[in-house]
Amino acid sequence: SRPARKNKGKMAAPMNRESRGSEPGAAPYGNFPNYSRFHPPEGRVSLLPQGLLRSLFPAATRPLLGLDVGCNSGELSVALYQHLLGLQDSNSSPEPPGARKELKLLCCDIDPELIRRAQQSSPFPASISFASLDIMDSGAREPFLSSYLQRFGRSSFDIGFCMSVTMWIHLNHGDRGLLEFLALLASLCTFLLVEPQPWKCYRAAARRLRRLGRDDFEHFRSLQINGDMAESITRILTQECAMELICSFGSTSWDRSLLLFKSTSAHPEGSD
């Protein structure tokens, strides 16, 4: 499920399950009810090296803070948490006592129903928080994120996750919205893991809407940022958002790159 922003006045809330049924094309913000069946979390986390957090933060002495934007119903968020902390089979065992000291993960999504599902099924409620949030609505976002960070005496997150979210921001908010979104993430996070959707996914999403007799995405035909989206997003983050690409972890079986960026501007408490 993918976050979206207020466009002209109040943005319409995501359609409920009854109105959109199980047809994937009926989720204009990517808030598919069964997303992890199509793209299982293992396809992403298997590309990430063991011990990644320790290598990024070798001297961390306090809990690391993570932000997962567009978390859907939380399966990938939980899988990332388990993988990053080296927890095996954690769904069937209680939360390890040391884990909560290592990583606090805030996961947000525009769809409150998906968030309810994530909250109900999370095996790590002390370490992973799920919240319904339109990340592109600054009026809601800024007080919410500030309040969360202040609980830890922080002003930024150590690591952010943006997994198959960029296309939905781009389709619903245009080139300008994508630029704003990437700049926001760069300002919030010391490290940022991005999985951009390739351009063929944009065409497929537009086709699904047309097949359902829906209006096309407002910005689809006017997007100037197009083509190789991994390359475009890398260029935006490195040239306009004060980040550097430090690793590409390869591509998933459904042809999506996993790219890790690091902020080149000062995040005073971003890394120890």
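For the structure, see preceding data.
Here the structure is a predicted model, which means the values were calculated and not measured.

Undergrad: Mind laying out the overall build of the protein chain, listing which residues take part and the relevant values?
TA: Looking only at helices and strands, one finds 10 helices and seven strands in the protein chain. Expressed as a percentage of its 272 residues, the buried residues of the protein chain come to 56%. Pairs at least 24 residues apart make up 75% of the contacts formed inside the protein chain by residues separated by at least 6 positions. By element, 49% of the accessible surface of the protein chain is carried by carbon and sulfur atoms, the whole surface being about 11800 Å².

Undergrad: Now, about the packing of aromatic side chains: what can you tell me, with residues and values included?
TA: One pass over the structure, following the stated rule, counts seven aromatic pairs. Between the aromatic rings of Tyr 81 and Phe 124, the centroid separation amounts to 4.8 Å while the plane-to-plane angle is 45°, which identifies the pairing as tilted. Taken together, the positions of Tyr 81 in helix 5 (residues 75–84) and Phe 124 in the loop between helix 6 (112–121) and strand 3 (128–132) put the pair 43 residues apart, joining distant regions of the chain. Taken as a pair, Tyr 81 and Phe 124 share a single burial class, namely buried. For the ring pair Trp 199 and Tyr 202, a centre distance of 4.4 Å and an interplane angle of 25° mean the geometry is stacked. Remark: Tyr 202 and Trp 199 occur in helix 9 (residues 199–211); sequence separation between them is three residues, near one turn of the helix.

Parameters and conventions
Residues numbered from 1 in each chain as written. Predicted model: local features only at pLDDT ≥ 70, side-chain atom pairs only at ≥ 80, totals over all residues. Heavy atoms only, no water. Helix = DSSP H or I, 4+ residues; strand = E, 2+ residues; numbered from the N terminus. Buried < 20%, exposed > 50% of the residue type's maximum accessible area, 1.4 Å probe, protein only. Contact = heavy atoms within 4.5 Å. Areas by Shrake-Rupley, 256 points an atom, 1.4 Å probe, with all protein chains shown as cover. Phe/Tyr/Trp six-rings, centres within 6.5 Å; stacked < 30°, edge-to-face > 60°.

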